[in-house]
Amino acid sequence: MNFDFSDDQKQLRDQARKFLTEKCSPKAVRVVLDGKAPYDKELWKGLAEMGFLGVAIPEDFGGAGAGHLELCVIAEEMGRANAPVPFSSTVYLAAEALLIAGSDAQKKKWLPAIASGEAIGTLALFEGKGNPSPKNVKLTAANGVLNGVKKPVADGAIADFAVVAARTGSSGRDGDVSLFLVDLKAGGAEVKSLTNLDPTRGQAEITFRDCKAEPLGATGEGWSILTQVLDRAAVLCAFEQVGGSDRALEMGRDYALDRIAFGRQIGSFQAVKHMLADMYVSATLARSNSYYGAWALSTNAGELPEAAAAARISATQAFQHCAKNNIQVHGGMGFTWEFDCHMYYRRANAMALGLGSLTYWEDQLIDRMRKKNAA
Amino acid sequence: MNFDDTPQEAEFRATARAWIGANAPKQYEEELRKSSLGRTQLKNANILEVAKAWQKKKADAGWACLHWPKEYGGRGSSPIERVIWQQEEGPFGQLSRMFIIGHGMCGPTMMAFAREEHKRTYLPPLASGEKVWCQLFSEPAGGSDVAGLRTRAEKEGDDWVINGQKIWTSGAHYSDYGILLTRTDPTVPKHKGLTMFFLDMKSPGVEVRPIKQASGASDFNEVYFTNVRIPDHQRLGEVGDGWNVSLTTLMNERSAIGAAVSTGFPELFEYCSSLMLDDGPAIEDRAVRSKLANWAVKASGLKYTSMRAISALSRGERPGPENSIGKLVAGSMVQDVATYALDLQGASGVVSGSEDAELAGRFQAMLLRAPGTRVEGGTDEIMRNIIAERVLGLPGDIRVDKDVPFNKIPTKGRG
């Protein structure tokens, strides 16, 4: 048994860390945080050149043809660096939807463009409040055009194309939902940036008015495809969250070693030590659950639905916990704009919502565990 | 990344499985499978006898203490083979509980510090379960602060004379031997005046008194020593080096207990899957599902953390520090799980003799036993210190008694 990444995969992780340490310093993240750029274009270009954007895309479609385990280790580093780029929208959501359901022509059109960094993609699922559910999909598709409003759409303002969930039936079942592919630059889609919790990753509202769209996958299969896409993205995001948790824990640990109060390193006080120990516990549980998710994802195992939900919950909790207590260890300085703690706090809490909130995933996990037990 | 055995591992697993299938005491399988924290007895048999019989059978066939060298009663197996054996032994592994201290702590300490002839004499019957061992470290004045112990050992000729009291000694009431940490020099700082021995628990002057626990059961004891004589050749390590010797034991204790501790989650999930609440099945209830999901990911997180450690063993590497979280997470979790299971029963959760007696009793027993899991083998607070200091590299606690002669350390908090 080897429930771990291979030496090659670990090497890839080191390579990604080295690259991101150089190209994605907190200073670089702040350019986007301060609203001076919608995302880090140079970094995006660099990620493409490193082959990271297409690492899990087959060679036939312009990718590196490695696999999801390779993507997991890169995701971890993206999270650790708090990278201000549309990586999750493009790579975990749009590319995965294309890989699962795209026609050969669709894949040929978009996947090479993703791998080369020319195209940014996203998933347009949500329509205001609420978690992923076929009932919440109101945007309509008829005669090849879409009408309705999607928000929030992650990276919607900078995306070139979107996978859009639309209503194509009225039976009240999952089969009412179908997926469509929309070229956002071709007209018919009006995009508005939204103010959001984590400015290093934009959110947008997209209004579709008789917007031309082509089906992605068969009519009525949309929800089933989406479920698979969300499960895959849950695992990949979990790795970003694990990376972020580790970084927040390290920041807290380092500060506890450097900061002197009452004549001692604050890391010598048990109240502080124990808080950091608990952060380590959360981060470790999250990492282990995520590894199981990675195994299920990479082998396309029947356990993926359950493993993805567990990874999602565990990693979300860990990142929120570590980011929150990292600020606490820093005291007042942790609450300033100047210190980097809030960037992880923002990212942790934004990521906790992006694919559906904890409440949703808790519910999913129990459903999936029951299904497994019944089987 | 995979969960597959190597060909050698698969072969070992098949051999182990075949032997267990042919030899395990199957009549107890169901009952052992259903045992949970606080409820580990057998209804119609003495678990001590069943456990000893199973251990002896394993030893006779070469399946006891797998990772020990053959000459001391083991099999000379690799660490990964030991894990595979545990996986295959399944519920019958519950029968090893009474040997955990002896096999996990006393044995390794003897192996590291006893004379060769003693190892050959004492270790094989310890491996086979014919002799049971206990560990005599904690004292009324030395719990988390083990080095604060006061039991005296004084040299008289070739013997040492022991006077004092130990406490929280698991299984002392059925133990044949024990390893004993004593103070041989109270005039030097506390860690420097300790010496370790092993002794026959039937020695004159040893008195074992069971402690009635908060749960009503008695797993632990007080042990009193009155002029007990131990020959010098039963000393483990140098005089004054007992602290270092004890660290060998304690490191083994934490990993051994961490591996066996239960979370209560499978029991709770099973219970909620059939429980009806006022508004319908418990498992359909939003609040219940949220609680279950949160515990589910802790339980799976622990499971896969241990898989990562096992993978390191399989590669022939030393596992990382991540396994140190096991006891800390499981200890408070099992307590919370038990509390919640009773909460779900409403007022009737308080009664053990209702129509749900079987289940209510199970979670009540768990609840009442749980506080102990957060204390034994290192309290939650000590475990957090260990993680903070050894894993995260934070400074050790400031020890005001570090350079003070032991007999000058204050013994009373007030007055």
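Numbering of residues starts from 1 in each chain and follows the order in which that chain's sequence is written. In the order they appear in the text, chains get letters beginning with A and ligands get numbers beginning with 1. Residue-level local features of this predicted model are given only where pLDDT is at least 70; pairs of side-chain atoms are given and counted only at 80 or more, and the full residue set underlies all totals for whole chains, interfaces and linings.

Trainee: Could you give an account of the overall build of chain B, with specific residues and numbers?
Mentor: Here a helix means four or more residues in a row that DSSP labels H or I, a strand means two or more in a row labelled E, and each is numbered from the N terminus. If you tally the helices and strands in chain B, you get 12 helices and 10 strands. For a compact globule the rule gives 2.2 Å times the number of residues to the power 0.38, and the radius of gyration it is set against comes from C-alpha atoms. Here chain B has a C-alpha radius of gyration of 23 Å; the compact-globule value for 415 residues is 22 Å, and the two agree. Principal-axis analysis of the C-alpha atoms gives chain B an extent of 75 × 60 × 45 Å. Any residue with 12 or fewer other C-beta atoms within 10 Å of its own C-beta is exposed, any with 20 or more is buried, and the rest are partly exposed; the C-beta atoms used are placed from the backbone. Here chain B holds 415 residues, and 44% of them are scored as buried. Taking all contacts inside chain B whose residues are at least 6 apart in sequence as the whole, residues at least 24 apart take part in 70%. Our contact criterion uses C-beta atoms placed from the backbone: two residues qualify when those atoms are within 7 Å.

Trainee: An account of the overall build of chain A is requested, with residue identities and associated values reported.
Mentor: From N to C terminus, chain A includes 11 helices and 10 strands. By the compact-globule yardstick of 21 Å for 375 residues, chain A fits well, its C-alpha radius of gyration being 20 Å. Taken over the C-alpha atoms alone, chain A extends approximately 75 × 50 × 40 Å along its principal axes. Split into buried and exposed, the 375 residues of chain A put 56% on the buried side.

Trainee: Describe helix H3 (residues 41-50) of chain A, naming the residues involved and giving the relevant values.
Mentor: All names here are of chain A. Among the residues of H3, those classed as buried are Leu43, Trp44 and Leu47. For H3, the angular spread of the buried residues around the axis is 100°, confining them to a single face. Exposed side of H3, more than 90 degrees from the buried face: Lys41 and Glu49 are the residues found there. Remark: Gly51 follows H3 within two positions and exhibits a positive phi of approximately 85°. Summarising the geometry, the arc corresponds to the directions from the helix axis toward the C-beta atoms.

Trainee: Can you explain the interface of chain B and chain A? Please cite residues and give values.
Mentor: Listed per partner, the contact involves 37 residues of chain B and 38 residues of chain A. Elements with a contribution of two residues or more to the side of chain B that touches chain A: helix H9 (286-314), helix H10 (326-343) and helix H12 (380-391) of chain B.

Trainee: Report on the nonpolar core, specifying residues and quantitative values.
Mentor: All names here are of chain A. Judged by nonpolar contacts, the single largest core of 234 residues is most densely connected at Ala97, Val163, Val164, Val182 and Leu276. In terms of residues, this core owes the most to one element, helix H7 (residues 222-258), which gives 18 residues. Excluding its chain neighbours within four sequence positions, the residues that come into contact with Ala97 are Leu123, Val163, Leu179, Leu216, Ile225 and Val229. Any nonpolar core is a set of buried residues, restricted to Ala, Val, Leu, Ile, Met, Phe, Trp, Tyr and Cys, that join up through C-beta atoms within 7 Å.

Trainee: Pulling in residues and values, what's your account of the environment of Arg287 of chain A?
Mentor: As for its placement among the helices and strands, Arg287 of chain A is situated in helix H8 (residues 270-299). Distance in space between the C-alpha atoms of Arg287 of chain A and Ile366 of chain A is 20 Å, their sequence separation being 79 residues.

Trainee: Hey, could you go over the packing of helix H11 (residues 358-374) of chain A against H9 of chain B for me, with residue numbers and the actual values?
Mentor: Orientation is described by lines fitted to C-alpha atoms, with helices fitted over the stretch in contact, and by angles between N-to-C directions that extend from 0 to 180 degrees. One can describe the packing of H11 of chain A onto H9 of chain B by two numbers: an axis separation of 9 Å at closest approach and a directional angle of 80°. By the angle between their directions, the pair H11 of chain A and H9 of chain B is classed as roughly perpendicular. Contacts between H11 of chain A and H9 of chain B involve Thr359, Glu362, Asp363, Leu365, Ile366 and Met369 of chain A on the former and, on the latter, Arg289, Ser290, Leu292, Ala293 and Ala296 of chain B. Here roughly perpendicular refers to angles of 65 to 115 degrees, roughly parallel to angles under 35, roughly antiparallel to angles over 145, and oblique to all remaining angles.

Trainee: Provide a residue-level description of the packing of helix H9 (residues 304-330) of chain A against H11 of chain A, including the pertinent values.
Mentor: All names here are of chain A. Their axes nearest at 9 Å, the elements H9 and H11 cross at an angle of 150°. In the crossing of H9 with H11, the sense of the turn from one axis to the other is left-handed. Residue-level inspection shows Pro305, Glu306, Ala309, Ala310, Arg312, Ile313 and Thr316 of H9 in contact with H11, the latter providing Leu358, Trp361, Glu362, Gln364, Leu365, Arg368, Met369 and Lys372. Following the grouping adopted for this structure description, the nonpolar residues are Ala, Val, Leu, Ile, Met, Phe, Trp, Tyr, Cys and Pro, the charged ones are Asp, Glu, Lys and Arg, and the polar ones are all others, Gly among them. Each residue belonging to the contact of H9 with H11 can be placed in one class, and the counts come to 8 nonpolar, 2 polar and 5 charged. Handedness of a crossing is defined here by the sense of rotation of the near helix relative to the far one, left-handed for an anticlockwise turn of less than a right angle and right-handed for a clockwise turn.

Trainee: Lay out the pairing of strand E7 (residues 203-212) of chain A with the relevant residues and their values.
Mentor: All names here are of chain A. Strand pairing is assigned whenever DSSP identifies at least 2 bridges connecting the two strands. Examined bridge by bridge, strand E3 (residues 145-154) and E7 share 7 bridges and lie antiparallel to one another. Within E7, the position partnered with Gly148 by the bridge is Phe208. For strand E6 (residues 189-194) and E7, the ladder comprises 6 bridges, and the chain directions are antiparallel. In the strand pairing of E7, Glu190 is matched with Thr207.

Trainee: Any chance you could break down the environment of Pro189 of chain B for me, citing the residues and the numbers?
Mentor: When you line up the elements, Pro189 of chain B lands in the loop between strand E4 (177-183) and strand E5 (194-200). Between the C-alpha atoms of Pro189 of chain B and Pro405 of chain B, which are 216 residues apart in sequence, the distance is 4.1 Å.

Trainee: Let's hear about the pairing of strand E2 (residues 152-156) of chain B: which residues, and what values?
Mentor: Residues and elements named next belong to chain B. Pairing between E2 and strand E3 (residues 159-167): 5 bridges, direction antiparallel. Along E3, the bridge assignment pairs Glu156 with Asp159. Linking E2 back to E3 in an antiparallel pair, the connection comprises 2 residues, with Gly157 at a positive phi of about 65°.

Trainee: I'd love a proper account of H9 of chain B, names of residues and values included.
Mentor: For H9 of chain B, spanning 29 residues, the distance from its first C-alpha to its last is 41 Å, which sits close to the expected 42 Å at 1.5 Å a residue. Just downstream of H9 of chain B lies Gly316 of chain B, where phi reads positive at about 80°. Expected span of a helix, by definition, is 1.5 Å for each gap between consecutive residues, and there is one gap fewer than residues.

Trainee: Any chance you could break down the confidence of the model for chain B for me, citing the residues and the numbers?
Mentor: Any segment with low pLDDT has predicted coordinates that should not be analysed in fine detail. Looking at any residue, its pLDDT shows the predictor's confidence there, from 0 to 100. When pLDDT is averaged along chain B, the result is 90; 95% of the residues meet or exceed 70. For this predicted complex, the interface score ipTM comes out at 0.96, while the overall pTM is 0.93.

Trainee: For unusual backbone geometry, give the residues involved together with the corresponding values.
Mentor: Residue and element names in this part refer to chain A. The omega torsion across Lys151 and Pro152 is -5°, close enough to zero to call that bond cis. By the secondary structure assignment, Pro152 is in strand E3. Positive phi is not limited to glycine here, since Asn82 has a value of about 55°. Assignment of secondary structure puts Asn82 in the loop between helix H4 (68-81) and helix H5 (87-101).

Trainee: Give a description of the environment of Ser290 of chain B that names residues and reports values.
Mentor: For Ser290 of chain B, the location among the structural elements is in helix H9. Not counting chain neighbours up to four residues away, the residues in contact with Ser290 of chain B comprise Thr359 and Glu362 of chain A.

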